Amino acid sequence: MPSNEMGDLEGAALPRELLSRELLPRELFGWQLDGWLRPVDIGLAQLLVELGHEKDADVLIASALVSYHLGCGHVCMDLDALLHSPEAFLPNQRGLKHPWRVQIARWQQIGVNALCERLRASDVVGEGEGAEPLVLDKNRLYLRRYWHYETLVASGVRDRMSAPRPIQDLKESLARLFPEATEIPDWQQVAVAMASAHSFAVISGGPGTGKTTTVVRLLSLLQEQAIAKEGGRPLRIALAAPTGKAAARLTESISGTKSKLSNAALIPDQVSTLHRLLGIRTDGGRPRYYRGKLLHVDVLVIDEASMVDLEMMAAVMAALPAKAQLILLGDKDQLASVEAGAILGEICKNAHLARYSEAACGELLQSAGVALTPVSDAIVLDDHIVTLKKSYRFQGAIGALASAMNESNAPKMFEILNSGDSAVQFRNTSQLHKTLAELVLDPASGYALYLRTLQQGCPTGQDMNAWAKTLLEQLSTFQILCALRKGPAGVDAVNEAVVSMLKSHSLISQNTGWYAGRPVMVTRNDYSTGLMNGDVGIALPEPTSENASPESPPVLRVYFAQPDGIRRVLPSRLTQAETVFAMTVHKSQGSEFKHTCLVLPESSGAGLTRELVYTAVTRAKERVTIVGSDAQVLARAIQQRVVRCSGLAERLA
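Reading the values: the criteria
- Residues numbered from 1 in each chain as written.
- Predicted model: local features only at pLDDT ≥ 70, side-chain atom pairs only at ≥ 80, totals over all residues.
- Heavy atoms only, no water.
- Pairing = 2+ DSSP bridges.
- Helix = DSSP H or I, 4+ residues; strand = E, 2+ residues; numbered from the N terminus.
- Axes fitted to C-alpha atoms, helices over the stretch in contact; angles between N-to-C directions.
- Contact = heavy atoms within 4.5 Å.
- 1 Å grid on protein atoms, 1.4 Å probe; cavity = no way out; pocket = protein on both sides within 12 Å on 5 of 7 lines; lining within 4 Å.
- Points joined across faces, edges and corners; volume = space filled by probe spheres on them.
- Core = buried A, V, L, I, M, F, W, Y, C linked by side-chain atoms within 4.5 Å.
- Buried < 20%, exposed > 50% of the residue type's maximum accessible area, 1.4 Å probe, protein only.
- Domains from an automatic or database assignment.
- Phe/Tyr/Trp six-rings, centres within 6.5 Å; stacked < 30°, edge-to-face > 60°.
- Lys NZ or Arg CZ within 6 Å of the ring centre and 35° of its normal.
- Parallel < 35°, antiparallel > 145°, perpendicular 65-115°, else oblique.
- Left-handed = near helix turned anticlockwise from the far one by under 90°.
- Nonpolar A, V, L, I, M, F, W, Y, C, P; charged D, E, K, R; others polar.
- Expected span 1.5 Å × (residues − 1).
- Polar contact = N/O pair within 3.5 Å; in protein donor to acceptor, adjacent residues only side chain to side chain.
- Salt bridge = Lys/Arg side-chain N within 4 Å of Asp/Glu carboxyl O.
- pLDDT = per-residue confidence, 0-100.

1. Remarks on the sheet that holds strand 12 (residues 478-482)
And step 1. Spatial strand order, 11-20-19-12-18: five strands in an open sheet with parallel pairing. For this open sheet the edge positions go to strand 11 (424-428) and strand 18 (582-584), each flanked by a neighbour on one side alone. Along the sheet, successive strands turn relative to each other by an average axial angle of 25°, direction set aside.
And step 2. Of the strand pairs in this sheet, strand 11 and strand 20 (residues 620-628) are connected by five bridges, and their pairing is parallel. Considered in strand 20, the bridge of Gln425 is made with Thr625.
And step 3. In the packing of helix 23 (residues 491-504) onto the sheet, contacts are made with strand 12 and strand 18, and the angle to strand 18 comes to roughly 170°.

Structural data, given as structure tokens:
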């Protein structure tokens, strides 16, 4: 259409939505056609035109890029970092018609200060106060909601770090709680002494380092101290985890650990998901507990804290009483949350250095008799974090492999993988499906194990729930993990290939739909069934009634292991569930398997990082197999770190 005709239509014949799109920079639509900018990103810029009457192209482009950053897990868009290393934050679109490089080069030319001044001049950009949809804070551009979440979490942590607690002599209690302690210092004792003295504490450590054991003994000590006070009452303790699977694992671990303690009855062993704890609603309405109606707790312990995103942590802080103690457990080296933020990673950025102030070291010596060397430049946050160093689970090759990956030491990693140790193996193969078939069909450790048990049927006289529990335990013997969802080595393709293998060997009855033995993962919290995102179950045939026709197909129910026992639901009620012979590494967080198989893509990419392969390896209790066609893909992966833009660490410094 000639430009003069379009000019005649503007403001007259065009609906407002179409008119607002006409006012958007053309670059945005080019980037959408290139396949990386999402409709929701352009929608934000369009909203600023419609509601804020914004016309500045730089502001509109910046708003779309902030939304894009959020979709990539960043809390904000760090303009300094973006202009310094744009390739780290934007996709490689070299040679395409609408490359972002032209826009970024123009911003680099005018400089970050001039760009920030231009943003500040806009009516849709504020500095914190007010209601502007965008917030510019120290060269970081946020969506207002996420700026609010970050400041809420930061203030909640700071307030608890500054809350004074009396120093107590813990030497006798620690000796009783840790009779087996031989190392100096014993970091589990240090963690208990430190956490008991603060209203905010983080206990980090890899799998098998004793985080659960430590926190159970900490809770025992806290209850002792509470009851010893004049008129003292037991503390109200809540335990929570991000997913149902993680909650079930912690429930099982705590039940076994606390039984040896004299005050075991005062330590809860039922762990809730954070969604259930807060009463978060599926319709997006106000949760049951929030700033206006606080949780009834004195101590809150959150396990698998690396999985908690910024929005969820903000909801926790809003609902937590000001005097309540908050204890975070987790592995700082694992993958960050799927949604925006990397809370534990930000908090534990320097935790590996074990830096403590002179004041903290003095208090620790006085209370626990533990002598640590202080450092002069430790910050307040350092005094609230303890990293457990000794693994009681990974004494051999799996632990050594995880350490080499964490150190980005490729030669050491391959030395371990090629050592001949049966616990770790790299299968360098271009025949992915053939290799997977060997593992999947292994009758002792593959999926064939639980499917053969299923085909034998529920033993006569055995309770159906007990049989289901056995099958679920056998299912967790082996798990395929994928770095990606799409592509030949992605979850979708691998699941399809495994289903075909199992069907061809008569281990399952069909390739699609619901069938006996189908393992599924719930992908969205469902309060009507009581199942949470991440819960894994198996479709099983119900016992046949005496009056049933032999030709009638079996009635299926899907059985899930829950903290309070086995739960079964009709398949028709699982509207958000997917087959999980293969799952993404992200989805595996909070779970453990005897044998994990990590399937690598054919080439490196932004999603293949050190944190991802470390997380995959540490899901295994006994054996790890890494399958790929190019060993250098693995080598490059452990050199690449997850980077998430955020201002949380700076706010806590």
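Picking up where we left off.
2. Topic: empty space enclosed by the protein
And step 1. Taken as a whole, this structure holds one cavity of 30 Å³ or more when the rule is applied.
And step 2. Approximately 50 Å³ is the volume attributed to the largest cavity.
And step 3. Residue lining of the largest cavity: Asn350, Ala351, Ala354, Arg355, Tyr356, Asp382 and Ile385, and that is the complete set.

3. What to know about the nonpolar core
And step 1. Within the largest apolar cluster, 88 residues are counted, with the highest numbers of intra-cluster contacts made by Trp107, Leu141, Phe200, Leu300, Leu328 and Ile347.
And step 2. No other element matches the nine residues that helix 5 (residues 57-71) contributes to this core.
And step 3. Shared between two domains, this core takes at least three residues from each, and those domains are domain 1 (26-141) and domain 2 (169-391).
And step 4. Beyond its immediate stretch of four places on either side in the chain, Leu328 contacts Phe200, Ala201, Val202, Ile203, Ile302, Ala305, Met313 and Ile347.
And step 5. In this structure, Ala410, Phe426, Val491 and Val585 belong to the second largest nonpolar core, which totals 78 residues.

4. Regarding the packing of aromatic side chains
And step 1. Scanning the entire structure with this criterion turns up seven aromatic pairs.
And step 2. Here the aromatic rings of Tyr447 and Tyr450 are separated by 6.4 Å at their centres, their planes lie at 85°, and the arrangement is edge-to-face. Remark: Tyr450 and Tyr447 occur in helix 21 (residues 447-456); sequence separation between them is three residues, near one turn of the helix. In this pair, the class of Tyr447 matches that of Tyr450, namely buried.
And step 3. Lying across the ring of Tyr289, Lys293 places its NZ or CZ 5.4 Å from the centre.
And step 4. Lying across the ring of Trp514, Arg518 places its NZ or CZ 4.3 Å from the centre.

5. Notes on the packing of helix 9 (residues 144-162) against helix 15 (residues 310-319)
And step 1. Direction vectors running N to C along helix 9 and helix 15 enclose 50°, while the axes themselves pass 9 Å from each other. As judged from the angle between their axes, helix 9 and helix 15 are oblique. The chirality of how helix 9 crosses helix 15 is left-handed. On helix 15, the residues touching Arg145, Tyr146, Tyr149, Glu150, Leu152, Val153, Gly156, Val157 and Arg160 of helix 9 are Leu310, Glu311, Met313, Ala314, Met317 and Ala318.

6. Overview of the side chain of Thr387
And step 1. Assignment of secondary structure puts Thr387 in strand 10 (residues 385-388).
And step 2. Residue contacts for Thr387: discarding those within four places in its chain leaves Trp187, Ser204, Lys332 and Ala351.

7. Topic: the packing of helix 11 (residues 187-196) against helix 12 (residues 211-228)
And step 1. Contact pair helix 11 / helix 12: the axes reach a minimum separation of 9 Å and the direction vectors enclose 40°. In terms of orientation, helix 11 lies oblique with respect to helix 12. Every pair of crossing elements has a handedness; the one defined by helix 11 and helix 12 is right-handed. Only Thr213, Thr214, Arg217, Leu218, Leu221, Leu222 and Gln225 of helix 12 make contact with helix 11, whose side of the interface consists of Gln188, Ala191, Val192, Ala195 and Ser196.
And step 2. A breakdown of the residues in the contact of helix 11 with helix 12 according to their chemical character gives six nonpolar, five polar and one charged.

8. Thoughts on the pairing of strand 20
And step 1. Sheet topology note: the strand 19 (residues 593-599)/strand 20 ladder contains six bridges and is parallel. Bridge assignment links Thr596 to a residue of strand 20, and that residue is Val624.

9. Some words on helix 5
And step 1. Its 15 residues give helix 5 an end-to-end C-alpha distance of 21 Å, which sits within 8% of 21 Å, the value for a rise of 1.5 Å per residue.
And step 2. For helix 5, the buried fraction is high: 13 of the 15 residues fall into the buried class.
And step 3. Between a side-chain oxygen at the N-terminus of helix 5 and the backbone nitrogen of Asp58 the separation is 2.8 Å; the capping residue is Asp56.
And step 4. A positive phi of about 100° marks Gly73, the residue just after helix 5.

10. Here we look at the pattern of salt bridges
And step 1. Under the counting rule described, the total for this entry stands at 29 salt bridges.
And step 2. Arg651 is the salt-bridge partner of Asp137, the closest N and O atoms lying 2.9 Å from each other. Of this pair, Asp137 sits in strand 3 (residues 134-137) while Arg651 sits in helix 27 (residues 648-652), and the two are 514 residues apart along the sequence.
And step 3. Judged by relative accessible area, Asp137 falls into the buried class, the value being 13%.

11. Overview of the sheet that holds strand 16 (residues 565-569)
And step 1. The strand order across the open sheet formed by five strands is 16-15-14-13-17, and the pairing between neighbours is antiparallel. Both edges of this open sheet fall to strand 16 and strand 17 (577-579), since each of them pairs with a single strand only. Averaged over neighbouring strand pairs, the angle between their axes works out to 35° when direction is ignored.
And step 2. The sheet contact formed by strand 13 (residues 519-522) and strand 17 spans three bridges and is antiparallel. Within strand 17, the residue paired with Val522 across the bridge is Ala577.
And step 3. Packed on one face of the sheet, helix 22 (residues 464-475) meets strand 13, strand 14 (536-541), strand 15 (556-562) and strand 16 and runs near 130° to strand 14.

12. As for the confidence of the model for the chain
And step 1. On average, residues of the chain score 86 in pLDDT, and 93% of them are at 70 or above.
And step 2. Below a pLDDT of 50 lies the segment residues 93-98, which in the model reaches ten contacts outside its immediate sequence neighbourhood of four places, other chains included.

13. So, the side chain of His74
And step 1. For His74, the location among the structural elements is in the loop between helix 5 and strand 1 (77-78).
And step 2. Side-chain polar atoms of His74 contact the backbone nitrogen of Cys645, separated by 2.8 Å.
And step 3. Not counting chain neighbours up to four residues away, the residues in contact with His74 comprise His69, Phe89, Ala340, Val643, Arg644 and Cys645.

14. Concerning the environment of Ala423
And step 1. Within the secondary structure, Ala423 is located in the loop between helix 19 (410-417) and strand 11.
And step 2. What makes Ala423 buried here is its relative accessible area of 15%.

15. Some details on unusual backbone geometry
Phi is mostly negative for residues that are not glycine, and the peptide bonds are mostly trans.
And step 1. The residue Glu304 is not glycine, and still its phi comes out positive at about 50°.
And step 2. Position of Glu304 among the secondary structure elements: in the loop between strand 8 (299-302) and helix 15.
And step 3. A residue is classified by how much of its surface remains accessible, and Glu304, at 9% relative accessible area, is buried.
And step 4. Of note in this structure, Ser506 is not a glycine but carries a positive phi near 60°.

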